[in-house]
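Reading the structure
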Amino acid sequence: MEIYDWHTGPYPARVRIALAEKNLQSRVQFVSVDLWKGEHKKPEFLAKNYSGTLPLLELDDGTLIAECTAITEYLDALDGTPLLTGRTPLEKGVIHMMSRRAELELLDAVSVYFHHATPGLGPDVEIYQNREWGFRQRDKALRGMHYFNDVLKKQPFIAGEAFSMADITVIGDLIFAALVDLEVPAACEALRAWHPRMQERHSVRNRVTMSDPTL
Ligand SMILES: N[C@@H](CCC(=O)N[C@@H](CS(=O)(=O)O)C(=O)NCC(=O)O)C(=O)O
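Here is a short report on the structure shown in this document. Worth saying up front: this structure is predicted, and the values here are computed from it rather than measured.

1. Brief notes about the site of the ligand
Taken together, 15 residues are adjacent to the ligand, and Y11, H40, L54, E67 and C68 come closest. Here an oxygen atom of the ligand sits 2.9 Å away from a polar atom, N or O, in the side chain of H40. Between E67 and the ligand, the recorded distance is 2.7 Å, taken from a side-chain N or O atom to a nitrogen atom. Here the ligand loses 87% of its free accessible area of 540 Å² to cover by the protein chains. Counting residues per element, the ones that place at least two in the shell around the ligand are α1 (10–22) and α4 (89–117). In terms of residue count, the dominant contributor to the shell around the ligand is α1 (four residues). For the shell around the ligand, the per-class residue count stands at seven nonpolar, four polar and four charged.

2. With respect to the pattern of salt bridges
A complete count under the given rule lists 12 salt bridges for this structure. In this structure, D76 and K22 form a salt bridge, with 2.7 Å as the shortest nitrogen-oxygen distance. In this pair, D76 sits in helix α3 (residues 68–78) while K22 sits in helix α1, placing the two residues 54 residues apart along the sequence. With a relative accessible area of 1%, D76 lands in the buried category. On the basis of relative accessible area, K22 is assigned to the buried category, the value being 3%. Residues E58 and K48 are paired through a salt bridge, measuring 2.9 Å at the closest nitrogen-oxygen approach. Highlighted residues: E58 in strand β3 (residues 56–58) and K48 in the loop between α2 (43–46) and β3, separated in sequence by 10 residues. Judged by relative accessible area, E58 falls into the buried class, the value being 15%. Residues joined in a network through salt bridges with shared partners are R14, R100, E103 and D108.

Cut-offs used in this document
- Throughout, residues of each chain are indexed from 1 in the direction in which the sequence is written.
- Reporting of local features is limited, given that this is a predicted model, to residues whose pLDDT is at least 70; pairs of side-chain atoms are given and counted only at 80 or more, and all residues count toward the totals for whole chains, interfaces and linings.
- Excluded from the side-chain calculations are hydrogens and water; all other atoms, namely the structure's heavy atoms, are used.
- Throughout, the term near means that a residue has one or more heavy atoms lying within 4 Å of the molecule or strand in question.
- Distance and chemistry together define a polar contact, namely a pair of N or O atoms within 3.5 Å, with one atom able to donate a hydrogen and the other to accept it when in protein, and with adjacent residues in sequence counting only for side-chain atoms on both sides.
- Computed by Shrake-Rupley with a 1.4 Å probe, the accessible areas treat only the displayed protein chains as cover when residues are assessed.
- The helix count covers DSSP runs of H or I at least four residues long, the strand count covers runs of E at least two residues long, and both are numbered beginning at the N terminus.
- Each residue receives one of three labels: charged for Asp, Glu, Lys and Arg, nonpolar for Ala, Val, Leu, Ile, Met, Phe, Trp, Tyr, Cys and Pro, and polar for the others, Gly being one of them.
- Here, a salt bridge means any side-chain nitrogen of Lys or Arg that lies within 4 Å of a carboxyl oxygen of Asp or Glu.
- Three labels apply to residues, based on accessible area from a 1.4 Å probe with only protein chains included: buried if under 20% of the type maximum, exposed if over 50%, partly exposed otherwise in between.

Set out below in structure tokens:
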């Protein structure tokens, strides 16, 4: 199977980390799509993914799966260990909720800030920008960081007692936050303690070089 992505992208990182956690890297070929040249908005890519975003999984039979959560859920079901999306109905529900909350309250908000209140991917890609909306989303992301900090005061991982897809989503957010120089507030001590623990994971450290070990 092939994964269309950009090797340093925050959302692609979510799938790269999941692949490494599941030890499935050898089953995947990466196809680089240059966001900075707007290749993800060209007709030939849009024909594969209507949303024009990365990553995109293409199976050997031609099936196309976009959306990080969907791709992660597919990969997680391929092989039983470790389970990133939950073993029981309860775990699955809580992990999906917390991962979706991390998208809504953090990752997607940082992405909007990047695209609307910074030069983003440049004028050829950012055909509409609204700076005020971008800054409002940055403030939303900062509130989200405080929320996840409170969560991590009570439990070691984002969705409870074990590492899951929800942690990967927050890691993706902090990758994006670092790219736009959005620091985790000093008051968020639990989140700031959790992050280096996540960065020690092999799957997180090696995500960028996964597609090209020679990098
Ligand atoms: N909802 C999508 C969002 C994916 C997304 O926004 N991906 C970024 C890639 S990256 O910025 O993280 O590298 C993108 O395609 N951005 C390009 C654009 O929005 O023009 C998902 O979860 O997969």
